[in-house]
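# Fold and geometry: a report
Here is how the chains run, residue by residue.
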Amino acid sequence: MSQQTSHPRRIVAGIAGGALAAGALVVLPAAGAVAAVDGSDVVISEVYGGGGNSGAPLANDFIELHNPTGSAIELSGMTLEYRSAAGGSGGTLALDGTVEAGGYFLVQLAAGGNADAGALPTPDATADINMSGTNGRVFLYAADSGFDSSLAGDRAGASGLVDMVGFGSAASFEGAAAPTLSNATSAQRVDPAADSDDNSADFAAAAPTPVNSAGESEGGETDPGEPEEPTEPGDVISIADANQLTSGTVTVRGVVTAVYAEGGFNGFTIQDPAGDPADGVSDAIFVYSPASYPAIGDSVEVTGGRVDYNGLAEVNGDLVTKLDESLGDVAPFADWSAVTTDAGKKAHQSELMQFSDDADFVVSDNYDTNYYGSFVIADGGQVVRQTTAYVDPHDTEAVDSFAAAEQARTISVDDGRSTNFNTNKDLALTYLTPENPLRVGSPVSFAAPMVLDYRYSTWALQPTQPIAYGDTGSAYVSVENTRLSTETPADLAGDISIANFNVLNFFPTTGEEYAASTGISCSYYTDRTGAPVTTNRCGEVGPRGAADDENLERQQAKTVKSIVTLDASILALQEIENSSEFGQDRDAALAYLVDLLNAAEGSQGDWAYAASPADLPDDEDVIRSAFIYQTDEVETVGESHILNDEEHWSNAREPLAQGFKEVGTSDDDAFLVFANHFKSKSSGTDDGTGQGNSNPDRVGQANSLLDFVSDIQDETGIEPVFLSGDFNSYAMEDPAVAIEEGGFTNLNYALNGGEPTYVYDGMSGSLDHVFANAEALALVQDVDVWQINGQEQVGFEYSRYNYNATLLYDDSVFRTSDHNPIRVGIAVGGDGPVDPTEPEAPAWQQGSVYDKGDQVTYQGAVYTAQWWTTETPGSSVYGSWMEQGASIACAEGDETAWTSSQVYTGGERVVSGGQVYEAKWWTRNQKPGDAWGPWQVVGSC
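Please read these numbers as outputs of a predicted model, since none were measured by experiment. (Residues numbered from 1 in each chain as written. Predicted model: local features only at pLDDT ≥ 70, side-chain atom pairs only at ≥ 80, totals over all residues. Heavy atoms only, no water.)

We now examine the overall build of the protein. The secondary structure content of the protein amounts to 13 helices and 53 strands. In terms of overall dimensions, the protein is globule-like: its C-alpha atoms have a radius of gyration of 30 Å, near the 30 Å expected for 941 residues. If you sum the accessible surface of the protein, you get close to 35,200 Å²; carbon and sulfur atoms cover 47% of it. Taking the 39 positively charged and 141 negatively charged side chains of the protein as two groups, their mean positions are separated by 2 Å. (Helix = DSSP H or I, 4+ residues; strand = E, 2+ residues; numbered from the N terminus. Rg over C-alpha atoms; globule rule 2.2 N^0.38 Å. Areas by Shrake-Rupley, 256 points an atom, 1.4 Å probe, with all protein chains shown as cover. Lys, Arg positive; Asp, Glu negative; His and termini not counted. Charge placed at Lys NZ, Arg CZ, Asp CG, Glu CD.)

Have a look at this one:
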């Protein structure tokens with residue numbers, strides 16, 4: 001399943017708590033405390049999640065507590081938590097302070113982008129929690145009680161719970177959920193002193209009425225504030241001079257370069273065309289002016305208060321006058337290299353930008369596009385790489401250096417709006433459409449200037465006017481659709497193939513079916529109409545896939561098409577239903593999938609599955625690993641074997657081993673394949689090494705797997721071994737390294753340049769691997785990653801069907817899962833990987849299409865294609881062609897000359913400037929010689 005992460009505009013779990021002076025009477029909640037229906041304890045009196053959204057009367061979300069008793073109540077020891085309607089936690093706040101008798105306590109939460117919205121009364125505590133404006137859950141519980149907020153259903157009377165409110169489509173509640181809310185309504189307790197433990201009866205939806213401990217119900221001025229006296233223009237100063245101030249009233253002149261009359265920004269940008277772009281101070285500034293908007297190109301004079309609002313320099317547009325004479329034309333700033341640091345961006349904040357194609361941008365992160373209409377791009381023609389895929393996580397200096405260099409190449413592209421499409425699902429998405437999928441790695445070019453902006457703690461390029469809902473934004477930025485080159489896998493050398501595929505919780509048992517057969521209620525993730533799409537929770541061990549048959553059909557359409565098109569001889573599956581958990585044969589889901597494959601268009605009808613072994617672990621997960629295969633290409637050798645080791649595998653899926661051979665060969669030519677799915681990074685203990693949660697568990701699983709391999713080799717007499725699957729470990733992390741140190745080669749990195757299989761937090765890397773021992777490596781002819789899932793925006797998944805007015809789902813192979821399949825071509829009796837450099841390369845031909853691995857000669861040099869391309873070799877050091885270095889005779893043998901476009905993955909030796917260097921990690925276009933860089937000197941030549 002997809003990992004989740006906190007981005008600047010997503011839900012953030014970091015908390016800033018606030019406190020009041022302690023009262024005279026202290027009442028601590030006991031560990032077994034429950035909501036007090038007799039009015040003897042603090043209650044949640046109001047919940048509002050629409051703060052700062054379109055049409056919201058208030059700028060911030062909030063939670064209001066009330067003390068209905070006659071004595072002060074101490075909050076220390078209580079925790080507030082927000083959870084989405086059916087998902088994970090959006091953050092917690094450890095409370096401190098006192099609620100006086102009959103008093104209130106106001107907790108201010110995250111703000112939205114609607115600058116017209118009013119301020120809350122002075123809060124008693126603050127937390128950076130972003131609630132849904134329509135559906136959600138708020139809990140108040142004793143911190144040391146062990147209360148579990150993740151459980152669904154009626155939680156009234158739960159041990160440790162002081163009070164809770166589930167509203168809208170909330171999966172948990174007291175009694176029944178309170179009404180669905182909107183940007184203009186909050187859930188308010190009908191009688192502040194009454195708590196019947198029934199949210200539907202206790203709460204009503206009404207205009208929000210926050211009250212703080214001082215009894216105040218109205219807030220102060222909002223950004224940037226209304227003037228108390230009429231503003232008169234003063235002496236005109238330059239915008240650059242105004243940018244060096246942080247307060248006071250200023251009068252500035254500039255040319256209007258961008259106007260945001262709708263969309264939530266409520267202002268416009270002006271720039272001084274006579275400013276000096278090299279003086280280190282911006283010549284542009286944002287004008288907050290919700291009441292009046294000039295036209296782009298107008299020359300204006302603005303008088304108002306100078307403020308910094310959340311890091312953005314602004315002038316309050318108290319007085320805006322159009323000038324009769326033009327101040328001139330603004331030339332967009334074009335030097336990307338000057339704004340790759342925060343200081344460089346600050347020096348050009350709010351200025352008009354249009355970078356040339358020489359910067360060679362690609363999409364690097366598209367996670368937020370279907371939430372906020374934004375995406376991240378990176379320069380150099382290369383996506384941002386996951387650090388621990390290339391750098392030893394224990395080398396903190398190298399980790400920091402690598403990560404900083406990667407992030408310096410990035411900037412966001414936004415849509416000129418503050419719209420949250422997750423809470424405004426009937427508004428069509430900006431940028432993202434079926435025709436404009438915004439895949440990670442897709443080349444980006446700019447058609448018009450954009451404004452360098454700073455909002456939501458992020459630097460971004462904003463269009464000069466908001467992108468229209470449903471528009472691709474091509475008037476400003478164009479993203480190449482790279483799907484055309486990846487609809488089918490690249491040709492793979494070898495006689496037969498092995499692949500792995502994470503099938504994203506493929507459960508023939510739907511939530512609806514499970515609930516009907518067991519009587520156990522299920523909660524669901526729903527579409528914009530409230531219709532269930534995927535199952536969230538059905539008790540402790542219920543299904544995790546489609547909510548009903550209609551959604552299962554959507555999932556299986558993509559899954560079947562992808563597997564048939566992948567056309568692997570042997571396919572190791574992860575995240576398929578373990579049907580024994582539902583009273584069926586353990587292989588029932590496999591049999592179901594195989595039947596679908598054999599009936600599918602384009603299939604040869606020859607799929608089968610490797611049957612489960614007779615001896616199984618006592619306690620298995622509801623998902624499992626498995627094998628399916630094509631019987632006209634391979635056949636099984638012996639029975640399957642599963643690792644039974646509860647010490648290391650109680651929180652993961654036990655590895656499955658199966659012997660295979662090519663049809664027509666003897667058992668002496670058999671090889672073993674192990675299907676694996678290690679513990680995820682999303683839960684468990686963080687050991688502080690930067691490798692995610694549960695890293696020690698995965699290390700234990702890696703070593704347990706190596707022992708299991710040895711046992712199965714001894715039992716079967718088969719020596720060649722392939723370890724395939726989702727190891728939840730990047731290539732340089734401890735579990736992957738342990739496997740390599742156990743005598744295995746990571747094929748994707750050793751032979752394929754380490755193509756990414758997964759994108760997380762805007763970084764591309766591989767959690768999925770195929771490892772081969774020495775005997776198996778001799779069989780390998782080719783390795784490839786089919787880039788159909790990880791690079792795709794999550795909105796294309798079946799699980800996001802009808803989440804937005806823009807319908808993204810189709811039955812194509814794209815975004816079938818969140819992991820890309822790795823493919824390995826093998827030949828029985830082979831002599832190892834085919835060397836693509838042996839044949840003499842033909843001359844490059846303009847207009848010809850080249851695939852990955854093709855070699856050409858051009859202007860006296862030899863180049864190898866990294867992917868499908870029509871590009872001219874040598875046109876970009878970050879492009880599709882890698883120049884092959886010439887052989888140089890050195891004292892200790894021939895070495896290869898370093899070239900700027902060659903991809904080095906770590907361990908390669910090159911010659912540069914008479915010195916022999918060895919790559920320490922993945923590198924491209926980083927010339928040897930920098931002591932802090934990726935190369936270390938190992939000799940001379």
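Contact geometry of helix 10 (residues 695-716) with helix 11 (residues 734-741) gives a least axis separation of 8 Å together with a crossing angle of 20°. As judged from the angle between their axes, helix 10 and helix 11 are roughly parallel. Taken as a pair, helix 10 and helix 11 cross one another with a handedness that is right-handed. Residues Asn695, Arg698, Val699, Ala702, Asn703, Leu705 and Leu706 of helix 10 form the contact with helix 11, whose participating residues are Asp734, Pro735, Ala738 and Ile739. For the contact of helix 10 with helix 11, the per-class residue count stands at seven nonpolar, two polar and two charged. (Axes fitted to C-alpha atoms, helices over the stretch in contact; angles between N-to-C directions. Parallel < 35°, antiparallel > 145°, perpendicular 65-115°, else oblique. Left-handed = near helix turned anticlockwise from the far one by under 90°. Contact = heavy atoms within 4.5 Å. Nonpolar A, V, L, I, M, F, W, Y, C, P; charged D, E, K, R; others polar.)

Our focus in this paragraph is the packing of aromatic side chains. Tallied over the full model, the rule gives 29 aromatic pairs. Where phenylalanine 139 meets phenylalanine 147, the ring centres are 5.8 Å apart and the plane angle is 50°; that geometry is what we call tilted. The pair formed by phenylalanine 139 and phenylalanine 147 is uniform in burial state, with each residue classed as buried. Plain terms: the ring middles of tryptophan 649 and phenylalanine 678 are 5.4 Å apart, the flat faces sit at 75° to each other, and that makes the pair edge-to-face. Of this pair, tryptophan 649 sits in helix 9 (residues 646-649) while phenylalanine 678 sits in the loop between strand 38 (671-677) and helix 10, and the two are 29 residues apart along the sequence. Assigned by exposure class, tryptophan 649 and phenylalanine 678 land together as buried. (Phe/Tyr/Trp six-rings, centres within 6.5 Å; stacked < 30°, edge-to-face > 60°. Buried < 20%, exposed > 50% of the residue type's maximum accessible area, 1.4 Å probe, protein only.)

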